[in-house]
There are 2 protein chains.
Amino acid sequence: MKAAGTIPAGYDSDNGMLHIAGQSVEQHIETAGDTPLFVYDLARVRAQVTAFRRQMPAGVALHYAMKANPWPPLLRAMIGMVDGIDIASAGELAIALECGAEADHISFAGPGKRDRELRAAIVAGATLNLESEGEAERALAIAAAERCTPRLAVRVNPDFDLRGSGMKMGGGAKPFGVDADRAAALIRRIVAAGATYRGLHIFAGSQALDPAAIADAQRSALALAARIGRDSGAVPPLVNLGGGFGIPYFPGERPLEIGAVGAALAASLAARDPVLAETRFAIELGRWLVGEAGVYLTRIVDRKISHGETFLVTDGGLHHQLAASGNFGTVVRRNYPVAIATRFGMEPAETASVVGCLCTPLDRLADRVALPHADVGDLVAIFMAGAYGATASPAAFLGHPAPEQILVDADRAQP
Amino acid sequence: MKAAGTIPAGYDSDNGMLHIAGQSVEQHIETAGDTPLFVYDLARVRAQVTAFRRQMPAGVALHYAMKANPWPPLLRAMIGMVDGIDIASAGELAIALECGAEADHISFAGPGKRDRELRAAIVAGATLNLESEGEAERALAIAAAERCTPRLAVRVNPDFDLRGSGMKMGGGAKPFGVDADRAAALIRRIVAAGATYRGLHIFAGSQALDPAAIADAQRSALALAARIGRDSGAVPPLVNLGGGFGIPYFPGERPLEIGAVGAALAASLAARDPVLAETRFAIELGRWLVGEAGVYLTRIVDRKISHGETFLVTDGGLHHQLAASGNFGTVVRRNYPVAIATRFGMEPAETASVVGCLCTPLDRLADRVALPHADVGDLVAIFMAGAYGATASPAAFLGHPAPEQILVDADRAQP
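Here is what the cut-offs are and how they apply
- Residues numbered from 1 in each chain as written.
- Chains lettered and ligands numbered in written order.
- Predicted model: local features only at pLDDT ≥ 70, side-chain atom pairs only at ≥ 80, totals over all residues.
- Heavy atoms only, no water.
- Helix = DSSP H or I, 4+ residues; strand = E, 2+ residues; numbered from the N terminus.
- Rg over C-alpha atoms; globule rule 2.2 N^0.38 Å.
- Contact = heavy atoms within 4.5 Å.
- Areas by Shrake-Rupley, 256 points an atom, 1.4 Å probe, with all protein chains shown as cover.
- Lys, Arg positive; Asp, Glu negative; His and termini not counted.
- Charge placed at Lys NZ, Arg CZ, Asp CG, Glu CD.
- Buried area = accessible area lost by both parts, 1.4 Å probe.
- Salt bridge = Lys/Arg side-chain N within 4 Å of Asp/Glu carboxyl O.
- Polar contact = N/O pair within 3.5 Å; in protein donor to acceptor, adjacent residues only side chain to side chain.
- Disulfide = S-S within 2.5 Å.
- Buried < 20%, exposed > 50% of the residue type's maximum accessible area, 1.4 Å probe, protein only.
- Axes fitted to C-alpha atoms, helices over the stretch in contact; angles between N-to-C directions.
- Parallel < 35°, antiparallel > 145°, perpendicular 65-115°, else oblique.
- Left-handed = near helix turned anticlockwise from the far one by under 90°.
- Nonpolar A, V, L, I, M, F, W, Y, C, P; charged D, E, K, R; others polar.
- Core = buried A, V, L, I, M, F, W, Y, C linked by side-chain atoms within 4.5 Å.
- Least-squares fit on C-alpha atoms with pLDDT ≥ 70 in both.
- Expected span 1.5 Å × (residues − 1).
- Pairing = 2+ DSSP bridges.
- Phe/Tyr/Trp six-rings, centres within 6.5 Å; stacked < 30°, edge-to-face > 60°.
- Domains from an automatic or database assignment.

1. Remarks on the overall build of chain A
On a plain count of helices and strands, chain A comes out with 10 helices and 22 strands. In terms of overall size, chain A behaves like a compact globule, its C-alpha atoms giving a radius of gyration of 23 Å where 415 residues would be expected to give roughly 22 Å. C-alpha atoms of chain A, sized along the principal axes, occupy 70 × 45 × 45 Å. Counted over contacts in chain A with a minimum sequence separation of 6, partners at least 24 positions apart contribute 73%. A total of about 14,300 Å² of accessible surface is found on chain A, and carbon and sulfur atoms cover 50% of it. In chain A, which carries 38 positive and 44 negative side-chain charges, the distance between the mean positions of the two groups comes to 5 Å.

Rendered as C-alpha cells:
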C-alpha cells in the first residue's frame, strides 16, 4: 500500500456522499451533464485571496498567473479579486481581455513571444516582460511601426534559486529573462528608446512549501532589484517578486505557512534599499490561488482484479490530469489526495489502484491506496485539481471528450 | 554536450534547406500557412507497410492503432493501406468511420469503455476487445437491448512481458484485459450468450527494438492463444499478436530488424499448435508505421545566451511534442533527432539547447546538442515526430494555437 496526499480540510458529506459548496457531487454532475467533471469552489479561491491580503504586507499587489487555470468563468471571477493578470501568450491575452481584464493590469511573460504576439500586447496596452535583448529590439521596432509607446518591464534571470522549489526558474543558465548582470543595460536601452519602463519581473521558482525558502528568495529578489535599480539609474515602478507559493499535493506535505512568508517580507521591505522607496511590489500566483479549489470527479466504469490487485477503472485519466498521473515534471510518481466521493469518510476496506480509461500503463490516478470498497458507478475524487489540470493535459489523446467544468461558491450556497 | 538521436536516412537538402518529398520546408510552411508544422510523408509510411508485407509471413494482417496519429487526412490514407483499424474510444470510432473505415475492420480496445461507447461500437458492428468480465456483461446487456449480435474478442493480460519494451503491457497485475487463466471461462460465457466470437487480443508491450524480444513475445502469445483455444473449446478466428515494434528515437538506438521478426514469426506459426490451424493473425502497429514519417518544424523566435549557454527559443514546444520534451513516460530525458532545417547538413558550430515558447523549464526540445549556428528565423526540425505528437501533448497549455499539419508524398513528388 502507498500513501496518498492529505485531503484538504472543510469537505463534508451526507451518508458517504461528498458535498461541495452545499450540494452533493451527484447534483453537480447532473448540473454539468457528465463526468469527468472539474468542480471549482470559488469560496476556496476567495479564502486564499483573503489570506494573502491579511498576511502579506499592505500594498503588495496580488497577480493571477492565468496559465494555472484559464477557464473563462473562473478567470472572470479572478479578475474581480486580484490586482493583475499575468499572461503567457496572445491567446491568453485575448481570453483575459474578453473576460474583462484591463490591459493596464495585464503583463505578458514568455520566452518565445512571436512578433504577432508582441504587436497584440503592445497595441492593447499590456506590459511586456522582456525576456531578452533581442525581444526588446523586436518590441521597440513593432511599437515604432504601430506608433505606440510600449510598456516594457524586464524579466531578470535571477542569480539565485528558490530552495526546495518544484521547478527552479533561476540560479544558472536559463531560457527565461536576461541574466542579472545584463538587466541594467537593457533598462537603459528601453528607457532611451522612449518606452514606458514598468519595472522588473524576478521569478526564482515555483511550488515551494518552506516559508523560509520563499522569504530568502524574496529577500534576494529585493536586493537584486535594488542593485539593478542603482545600476540602471531607473527606479523600477513595480517589482514582480514572482510566486513560488506551493500547495500540498503529496503524502507528508503541509500547507505553506503564509503568515511566516508575510512577516518575513514585511521585514525585508522595511529594510529595503532606499532606491526602491517608491517602488510597488507584486506577487504572482497561480497554483496557490486555485489549486486547492478544484476537485476532479470521475466515475468508475469497471472494477477489475488482476493477479490479486484491484483496479478501479474510471472514465477520466491523464488526458485531464497529467500531473496527477505523475507524468508532468515529476521523477518519482506519488499519489495526489484521493477519495471515493460516493463513500466519503468511510473506513478503508481494501488497497486499490485508480486508473484512467486510456490504453497506456501511464494512466494511473492513484497507485495502491487504501480506499473503501467501491463498485462500478461510484465516483472517485482527485483533490488539488484546480490548477494545471484541464489545459495542462493532452486532452485530445485517444479521442475522448473534453472534461466538464463547473464553478460553485460555498459562500453563496443555500444552507 | 549531449548526443541526439540519429536523423532517419533519405532526407536531402538544397543549400542547407531541408527538403521533404521534393519541396523545401519553407515551401511546406507556406502551403500550411504557419509554424509550428507537422509534415507527414506518406511515402515513408508506405515504405513501412511495404516492408511489413515483404518481411512478415504471408497472411499476417496489419492493423493500424490510430491513437498513434488520428489526423483524418493521414488516417484516410492509412485505411487504404492496412487491413484493420484499432480504436480506443467512441471518438476514434466516429473519426474512423468518417474516414472510410469499414466497421468490420475496426476493433476497439480500452480499459474504461463507457456504456455509450459499447453501444456505439456494437450498433456500428465493430469488434470489442473485452477488457473484463464486467465489461462483457455490460456489452451483452447493451447488445440485447439493441437487438444486435455483438462481435466480441477477448483481450488477454498475458502472463509474460515484452523484454526491453518501452512500456510493459503484460507480465503481472495490469488494468488491461483479463488474466490469462480467466480468458477461457469468459470466452465460454460470450459464446454461450450468442455473441459472435472474434478471437483474442494479446498485447505484451510497446517500443521494443530487439527482434529476439519481439519474437519471444510472439511465440509466447501463440502458445497462450493455443492454450486458451483448447481450454475454451473455441478456436479463435483471429489472434491479434499485439505490436511492440519500436522506432529509434534516442542516441545509439538502431531501427528494428523486421526481417528477423518476420522469419521468427514464420517459424513460430509453422510450429503452432494445430488448434490454431484455421486462425488468422494480425499485428497491431501505430508508432512503427507513422512515427518516422513525421517531422515537426518550429521557427526560432529568439537566440539567447545565459551564463554562457546558448538557447534557441522556438515557437513550438511541449504543447505539441510532450514526448520529445521528455515528459511522457520517460524517466531520463534524452534527445530526439534534431537539426537546424535551414542549415541542414552543415557542420556543427556550437552547443545549444532548443527550447519551446512555454514558461516552464520542462519545455526543452533538445538539450545541449551540437548544431550549426542558427539565428532568429531559422527553422528547427525534430524528427521521428509522426506518432504521439499533436494529440498526445497538452495542446491548450498556455493558450497557443494548435499546430499546423500537412500530408505530403515523396512517391508523387515532382522530380
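2. A short note on the interface of chain B and chain A
Contacts between the two partners involve 69 residues from chain B and, on the opposite side, 69 residues from chain A. Taken together, the two surfaces of chain B and chain A that pack against each other cover about 5,300 Å², and 61% of this comes from carbon and sulfur. At the boundary of chain B with chain A, the tally comes to 6 salt bridges. Counting across the chain B and chain A interface gives 32 residue pairs in polar contact (both at pLDDT 80 or more). Elements that contribute at least two residues to the side of chain B that touches chain A include exactly helix H4 (90-98), helix H5 (115-124), helix H6 (133-146), strand E9 (151-157), strand E10 (167-168), strand E16 (294-306) and strand E17 (309-314) of chain B.

3. What to know about the state of the cysteines
All names here are of chain A. For the coordinates displayed, the defined rule picks out 0 disulfides over all chains. Cysteine Cys 357 remains unbridged, with the sulfur of Cys 359 as its closest cysteine sulfur at 9.2 Å. The exposure class of Cys 357 is buried, given its relative accessible area of 2%.

4. As for the packing of helix H6 (residues 133-146) of chain A against helix H7 (residues 180-192) of chain A
Residue and element names in this part refer to chain A. Their axes nearest at 11 Å, the elements H6 and H7 cross at an angle of 10°. As summarised for this structure, H6 and H7 are arranged roughly parallel, according to the angle between their axes. Contacts between H6 and H7 involve Glu 133, Ala 136, Glu 137 and Leu 140 from the former and Arg 182, Leu 186, Arg 189 and Ile 190 from the latter.

5. Considerations on the packing of helix H2 (residues 42-55) of chain B against helix H9 (residues 258-270) of chain B
Residues and elements named next belong to chain B. Viewed as axis vectors pointing N to C, H2 and H9 meet at an angle of 35°, and their least axial separation amounts to 9 Å. Both H2 and H9 take part in a crossing whose hand is right-handed. Where H2 approaches H9, its residues Ala 51, Phe 52 and Gln 55 are matched on the opposing element by Ile 258, Gly 259, Gly 262 and Ala 263. The class makeup of the residues in the contact of H2 with H9 is 4 nonpolar, 3 polar and no charged.

6. Some remarks on the environment of B:Ile122
Residues and elements named next belong to chain B. Tracing the chain through its elements places Ile 122 in helix H5. Put simply, Ile 122 and Ser 353 are 231 residues apart on the chain and 50 Å apart in space, counted from C-alpha to C-alpha. Setting aside residues up to four positions removed in sequence, Ile 122 forms contacts with Leu 128, Ala 139, Ile 142, Ala 143, Cys 148 and Pro 150.

7. Comments concerning the nonpolar core
Counting 278 residues, the largest nonpolar core has A:Tyr64, A:Ile85, A:Phe245, B:Tyr64, B:Ile85 and B:Phe245 as its most contacted members. Setting aside residues up to four positions removed in sequence, A:Phe245 forms contacts with A:Phe52, A:Met56, A:Ala208, A:Ile214, A:Gln218, A:Leu256, A:Ile258, A:Val261, A:Ile283, A:Leu285 and A:Trp288.

8. Observations regarding the side chain of B:Thr391
Looking at where B:Thr391 falls in the secondary structure, it is placed in the loop between strand E21 (379-382) and strand E22 (404-408). Excluding residues within four positions of it along the chain, B:Thr391 makes contact with A:Pro394, A:Ala396, A:Phe397, B:Lys67 and B:Pro70.

9. Comments concerning the environment of B:Gly294
All names here are of chain B. Structurally, Gly 294 can be placed in strand E16. Separated by 16 residues in the primary sequence, Gly 294 and Thr 310 have C-alpha atoms spaced 27 Å apart. Residues contacting Gly 294, with those up to four places away along its chain left out, are Val 39, Tyr 40, Ile 382, Phe 383, Met 384, Ala 385 and Gly 386.

10. Comments concerning the relation of the copies chain B and chain A
By a simple turn and slide, chain B fits onto chain A: the slide is 0.0 Å along the axis, the RMSD is 0.0 Å, and the turn is 180°. Both copies are brought into coincidence by an operation consistent with a two-fold rotation axis. Within chain B, the C-alpha atom positioned nearest to the axis of rotation is that of B:Pro394, 1.9 Å from it. Most of the interface of chain B is mirrored in chain A, where 100% of its interface residues are also at the interface.

11. Some thoughts on H6(B)
Between its terminal C-alpha atoms H6(B) stretches 20 Å, which fits the 20 Å expected from 14 residues at 1.5 Å a residue. Along H6(B), the residues that are buried comprise B:Glu135, B:Ala136, B:Arg138, B:Ala139, B:Leu140, B:Ile142 and B:Ala143. Contacts from the buried residues of H6(B) go to strand E16 (294-306) of chain A together with H5, strand E8 (127-130), E9 and helix H7 (180-192) of chain B. The N-terminus of H6(B) is capped by B:Ser132, whose side-chain oxygen sits 3.3 Å from the backbone nitrogen of B:Gly134. B:Arg147 lies just past H6(B) and shows a positive phi near 55°.

12. Section: the sheet that holds strand E2 (residues 17-20) of chain B
All names here are of chain B. Overall, antiparallel pairing links the 3 strands, which are arranged E1-E2-E3 in an open sheet. What marks the edges here is a single partner per strand, and that holds for strand E1 (12-14) and strand E3 (23-24). Here E2 pairs with E3 via 2 bridges, running antiparallel. Residue pairing in the sheet places Ile 20 in a bridge with Gln 23 of E3.

13. Brief notes about the sheet that holds strand E1 (residues 12-14) of chain A
Across the sheet, which stays open at both edges, the 3 strands sit in the order E1-E2-E3 (chain A) with antiparallel pairing between neighbours. Because the sheet does not close on itself, it has two edges, and the strands there are E1 and strand E3 (23-24) of chain A.

14. Details of the pattern of salt bridges
Scanning the model with the defined rule gives 58 salt bridges over all chains in all. In this structure, B:Arg44 and B:Glu292 form a salt bridge, with 3.2 Å as the shortest nitrogen-oxygen distance. Taken together, the residues span a long stretch of sequence, with B:Arg44 in helix H2 and B:Glu292 in the loop between helix H10 (287-290) and E16 at a distance of 248 residues. A relative accessible area of 14% means that B:Arg44 is categorised as buried. Put simply, B:Glu146 and B:Arg119 hold a salt bridge, and the shortest N to O gap is 3.3 Å. Placement of B:Glu146 in helix H6 and of B:Arg119 in helix H5 is noted, with a sequence separation of 27 residues between them. Of the residues examined, B:Glu146 reaches a relative accessible area of 32% and is grouped as partly exposed. The network of salt bridges with shared partners includes A:Lys2, A:Arg364, A:Asp367 and A:Arg368.

15. With respect to the packing of aromatic side chains
Applying the stated rule across the entire model yields 22 aromatic pairs over all chains. Residues A:Phe397 and B:Tyr388 carry aromatic rings whose centres are separated by 5.9 Å and whose planes lie at 80° to one another, so their mutual orientation is edge-to-face. Of this pair, A:Phe397 sits in the loop between strand E21 (379-382) and strand E22 (404-408) while B:Tyr388 sits in the loop between E21 and E22, each in a different chain. The same class applies to A:Phe397 and to B:Tyr388, which are both buried. When the ring of B:Phe38 is compared with that of B:Tyr40, the centres are 6.0 Å apart and the planes differ by 20°; the resulting orientation is stacked. Considered together, B:Phe38 and B:Tyr40 belong to a single accessibility category, that of buried residues.

16. Some thoughts on the domain arrangement of chain A
A common way to state how big an interface is: give the accessible area lost once the parts meet. All names here are of chain A. The domains assigned to chain A are domain 1 (12-40 + 292-413) and domain 2 (70-285). Placing the centre of domain 1 and that of domain 2 at their C-alpha centroids yields a distance of 34 Å. Each partner contributes to the interface: domain 1 provides 11 residues, whereas domain 2 provides 10 residues. Across the interface of domain 1 and domain 2, roughly 1,100 Å² is buried in total on both sides, 71% from carbon and sulfur atoms. Considering only the side of domain 1, the residues that lose the most area to domain 2 are Arg 334, Met 384 and Leu 407, jointly responsible for 41% of the buried surface there. For the interface between domain 1 and domain 2, the tally reads 0 salt bridges. With 3 residues, E22 is the largest single contributor of residues to the side of domain 1 that touches domain 2. For the side of domain 1 that touches domain 2, the class distribution of residues is 6 nonpolar, 3 polar and 2 charged.

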